[in-house]
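Here is how the chains run, residue by residue.
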Amino acid sequence: MDKKKNDPIGGNAILLSVSPLKALILHLICGLGLGLAFWVANHIYSLDLITNSSSHFGIFLVFLAPVLILLYSHLRHDRNQCSYVKAVGRGLLALPAGAVVNALGATILGAPVGFEYFPKTLSWSLLMSLLTFVPAACVFGSSWTDWHRVFARTKANESTDCMICLPAHGAVIGAWFGAWPMPLDWESPWQEWPICVTYGAVAGFFVGLVASLGCIIFRNRQQHLKEE
């Protein structure tokens, strides 16, 4: 079962301590959504990430965005002030806002710039925003304290924090590792921007999902031991 706790900082906010079973179900739905997006793009629309990256990203967004926004909106912290519909709206607004931040960050770190790369950079940035910014916006809203605590200090107070922090960090770290082969002189089509970076981000996101589930199970066991 989920356990509700009063937030000592936020006063009226309600924090959800998500059970390991519910976290597992949520993670499985996220993974299935991403897997379904891959399958539909490859088998129904015959789109390949290497040759049709922008269209492939579009399929990702169509299938994965509703799943993540609807699921994480249910885990919103400020339930007394924020309805489910408002949390969904926050996730929708965070998608383009996070894309801008990811695009600027990628450009600063060396992503190719030019009109021919703009559609690819935009599509990749939207996907990265979906994996990093959107879940946090649905859960935390505009609470700078929570954003800073989870992303800057990497301090998880609740199980929902683990579900936000670890997959997002995994996606960013995975994208960074995925960028390593790009400057190598292998002349392979998958080295072009943003193919290998995308594979790295998705792999890192999945690793983060597994790590967050392990963290929730560990915290749950520790809590039971304290209660005993």
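Residues numbered from 1 in each chain as written. Predicted model: local features only at pLDDT ≥ 70, side-chain atom pairs only at ≥ 80, totals over all residues. Heavy atoms only, no water.

Novice: How should the nonpolar core be read in this particular structure?
Specialist: Grouped burial of nonpolar side chains is what soluble globular proteins tend to show. The biggest cluster of nonpolar side chains holds 56 residues, and the ones touching the most others in it are Y72, W124, L130 and M163. Put simply, the parts of the chain that give this core at least two residues each are α1 (20-44), α2 (53-73), α3 (84-108), α4 (118-140), α5 (144-152), α6 (159-178) and α7 (195-227). Ranked by residues supplied to this core, first place goes to α4 with 12 residues. What W124 contacts, discounting residues up to four positions off in sequence, is F57, N102, A106, A175, W193, P194, V197 and T198. (Core = buried A, V, L, I, M, F, W, Y, C linked by side-chain atoms within 4.5 Å. Buried < 20%, exposed > 50% of the residue type's maximum accessible area, 1.4 Å probe, protein only. Helix = DSSP H or I, 4+ residues; strand = E, 2+ residues; numbered from the N terminus. Contact = heavy atoms within 4.5 Å.)

Novice: Even after reading the chapter, I still don't get the packing of α5 against α6, so can you show me in this structure?
Specialist: Helix-helix packing is characterised by the crossing angle of the two axes and by the distance between the axes. Interaxial distance between α5 and α6 falls to 9 Å at its minimum, and their mutual angle equals 50°. Between α5 and α6, the angle is such that the two are oblique. α6 is crossed by α5, and the crossing has right-handed handedness. Contacts between α5 and α6 involve R149, V150 and F151 on the former and, on the latter, D161, I164, C165, A168 and H169. Across the contact of α5 with α6, the residue classes break down as 5 nonpolar, 1 polar and 2 charged. (Axes fitted to C-alpha atoms, helices over the stretch in contact; angles between N-to-C directions. Parallel < 35°, antiparallel > 145°, perpendicular 65-115°, else oblique. Left-handed = near helix turned anticlockwise from the far one by under 90°. Nonpolar A, V, L, I, M, F, W, Y, C, P; charged D, E, K, R; others polar.)

Novice: Even after reading the chapter, I still don't get α5, so can you show me in this structure?
Specialist: Residues spaced three or four apart along an α-helix face the same direction, because each turn holds 3.6 residues. Inspection of α5 places D146, W147, R149 and V150 among the buried residues, and these make up the whole buried set. Elements that come into contact with the buried residues of α5 comprise α4 and α6. Count one or two residues on from α5 and you reach T154, which has phi positive near 50°.

Novice: Help me understand unusual backbone geometry in this model?
Specialist: If a residue is not glycine, its phi is most likely negative; likewise, a peptide bond is most likely trans. Across the junction of W193 and P194, the peptide omega takes the value -5°, indicating a cis bond. With respect to the helices and strands, P194 occurs in the loop between α6 and α7. Of note, S46 is a non-glycine position whose phi angle comes to about 55°, a positive value. With a phi close to 55°, E187 is a non-glycine residue in the positive phi region.

Novice: In this structure, what is going on with the packing of α2 against α3? I would like to understand it.
Specialist: Orientation of α2 relative to α3, taken along the N-to-C sense of each, is 140°, at an axis distance of 9 Å. Considering their axes alone, α2 and α3 lie oblique with respect to each other. In this structure, α2 crosses over α3, and the sense of that crossing is right-handed. Mapping the contact onto sequence places I69, L70 and S73 in α2 and Y84, A87, V88, G91 and L92 in α3. Along the lines of polarity and charge, the residues of the contact of α2 with α3 split into 6 nonpolar, 2 polar and no charged.

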